[in-house]
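Commentary on secondary and tertiary structure
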Amino acid sequence: MDIVTTDNKMKEIIELAKTVSHSKATVLIHGESGTGKELMASLIHQNSARRNKPFVAINCAAIPENLLESELFGYERGAFTGAVNNKAGKFEIANGGTILLDEISEMDIRLQAKLLRVIQEGEVDRIGGQVSKKVDIRILATSNKNLSNCVKDNSFREDLFYRLNVVNIKIPPLRDRATDIVLLSKIFLDKYTKENNKRIKGFSDEAINCLNSHYWPGNIRELENIVERAVVVNRFDYIQPSDI
């Protein structure tokens, strides 16, 4: 899905992302969960000179700590029990392209040191490897936490923070982009009416009021889920508040 917006602040952010996409600078994208941080990272990659090279995303919060190192850096045969073959990590796979480290605040402090080496030296050390491998990658990172606070509580390395925070892009929550609520709702309505073979004409005025008055703690992801549910349960020509 492309980033669609009528919000002037979001338009400025998109233009900033397109501008910095032409550089090799690391970019830190932060915002609440569900605001579209990965979409913003993809936009940066697609507008860069690396667009035809790999775009590799890895969620640092979704992979157990003991597996994340091997996923990122790879390993050599015999490095540990079960390592029966050599395996390239995500950094090697992304060579020439872009790697997205999603929710980087969840990365173990020990792995942060290895990541810092990748950024500073452009080299990756596989687990159990004897020779460093050169890589040419653009690093993007996202976080729904304030990394400055993570530095203060010693859960995130200060030197890594400054390496990542060359360009800082903050995506505002959906509740601060009021004009986008109805716009995105209509896009999701069109998507899910087609998927479910329904003929829903739109939202009633009362339903629009419900959408506009909600706080949206889950942001765009929550909005999409609610519209999908509304389409599935709706029995009339227009989405009603009871559907929402």
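Check the entry above for the structure.
This is a predicted model, so every value here is computed, not measured.

Moving on: the environment of alanine 61. Inspection of the secondary structure puts alanine 61 in the loop between strand 2 (55-59) and helix 3 (65-73). The exposure class of alanine 61 is partly exposed, given its relative accessible area of 48%. Once the C-alpha coordinates of alanine 61 and methionine 107 are considered, the two residues, 46 residues apart in sequence, prove to be 7.2 Å apart. Each residue touching alanine 61, except ones within four places of it in the same chain, is listed here: Asp102, Glu103 and Glu106.

For helix 10 (residues 219-233), which comprises 15 residues, the first-to-last C-alpha distance of 22 Å matches the rise-based estimate of 21 Å (1.5 Å per residue) to within 8%. Taken residue by residue, helix 10 has Asn219, Ile220, Glu222, Leu223, Glu224, Val227, Ala230 and Val231 as its buried positions. Next to the buried residues of helix 10 lie helix 8 (178-195), strand 10 (202-203), helix 9 (205-213) and strand 11 (238-239).

Below, the discussion takes up the environment of tyrosine 75. When you line up the elements, tyrosine 75 lands in strand 3 (residues 74-75). Residue classification places tyrosine 75 among the buried residues on the basis of a relative accessible area of 14%. Between the C-alpha atom of tyrosine 75 and that of glycine 89, which follows or precedes it by 14 residues, the distance is 7.3 Å.

Residue placement: asparagine 234 occurs in the loop between helix 10 and strand 11. Non-local contacts of asparagine 234, meaning those with residues more than four positions away in its chain, are made with Lys198, Ile200, Ile239, Gln240 and Asp243.

Here the focus is helix 5 (residues 109-121). Here helix 5 contains 13 residues, and its C-alpha end-to-end distance of 19 Å stays within 8% of the 18 Å for a straight helix at 1.5 Å per residue. Residues Leu111, Gln112, Leu115, Leu116, Val118 and Ile119 constitute the buried set of helix 5. Buried residues along helix 5 cover an arc of 160° about the axis, so they all sit on one side. Taken together, the buried residues of helix 5 touch helix 3, helix 4 (90-93), strand 5 (98-102), strand 6 (123-124), strand 8 (138-143) and helix 7 (158-164). Here helix 5 starts with a cap whose side-chain oxygen sits 2.9 Å from the backbone nitrogen of arginine 110, and that cap is aspartate 108.

Let us look at the nonpolar core. Ranked by internal contacts, the top residues of the largest apolar core, which has 30 residues, are Phe91, Leu101, Ile104, Leu115, Ile139 and Phe156. Those elements giving two or more residues to this core turn out to be strand 2, helix 3, strand 5, helix 5, strand 8, helix 6 (147-152) and helix 7. In terms of residues, this core owes the most to one element, helix 5, which gives five residues. If we ignore the near neighbours within four places in the chain, the residues touching phenylalanine 156 are Ile104, Ser105, Ile109, Gln112, Leu147, Cys150, Val151, Phe161 and Leu164. Membership of the second largest hydrophobic core comes to 19 residues, among which are Leu174, Leu211, Val227 and Ala230.

Per the counting criterion, the structure on display carries 17 salt bridges. The salt bridge involving arginine 175 is made with glutamate 32; its shortest N-O contact spans 2.4 Å. One end of the pair, arginine 175, is in the loop between strand 9 (167-170) and helix 8; the other, glutamate 32, is in the loop between strand 1 (27-30) and helix 2 (37-46), and 143 residues separate them in sequence. Assessed through its relative accessible area of 24%, arginine 175 is described here as partly exposed. The closest approach of N and O atoms between glutamate 123 and lysine 134, which form a salt bridge, is 3.5 Å. Pair noted here: glutamate 123 is in strand 6 and lysine 134 is in strand 7 (residues 133-134), with a separation of eleven residues, a long-range link. Residues joined in a network through salt bridges with shared partners are Glu69, Asp108, Arg110 and Lys114.

What counts and how
- Residues numbered from 1 in each chain as written.
- Predicted model: local features only at pLDDT ≥ 70, side-chain atom pairs only at ≥ 80, totals over all residues.
- Heavy atoms only, no water.
- Helix = DSSP H or I, 4+ residues; strand = E, 2+ residues; numbered from the N terminus.
- Buried < 20%, exposed > 50% of the residue type's maximum accessible area, 1.4 Å probe, protein only.
- Contact = heavy atoms within 4.5 Å.
- Expected span 1.5 Å × (residues − 1).
- Arc of directions from axis to C-beta.
- Polar contact = N/O pair within 3.5 Å; in protein donor to acceptor, adjacent residues only side chain to side chain.
- Core = buried A, V, L, I, M, F, W, Y, C linked by side-chain atoms within 4.5 Å.
- Salt bridge = Lys/Arg side-chain N within 4 Å of Asp/Glu carboxyl O.

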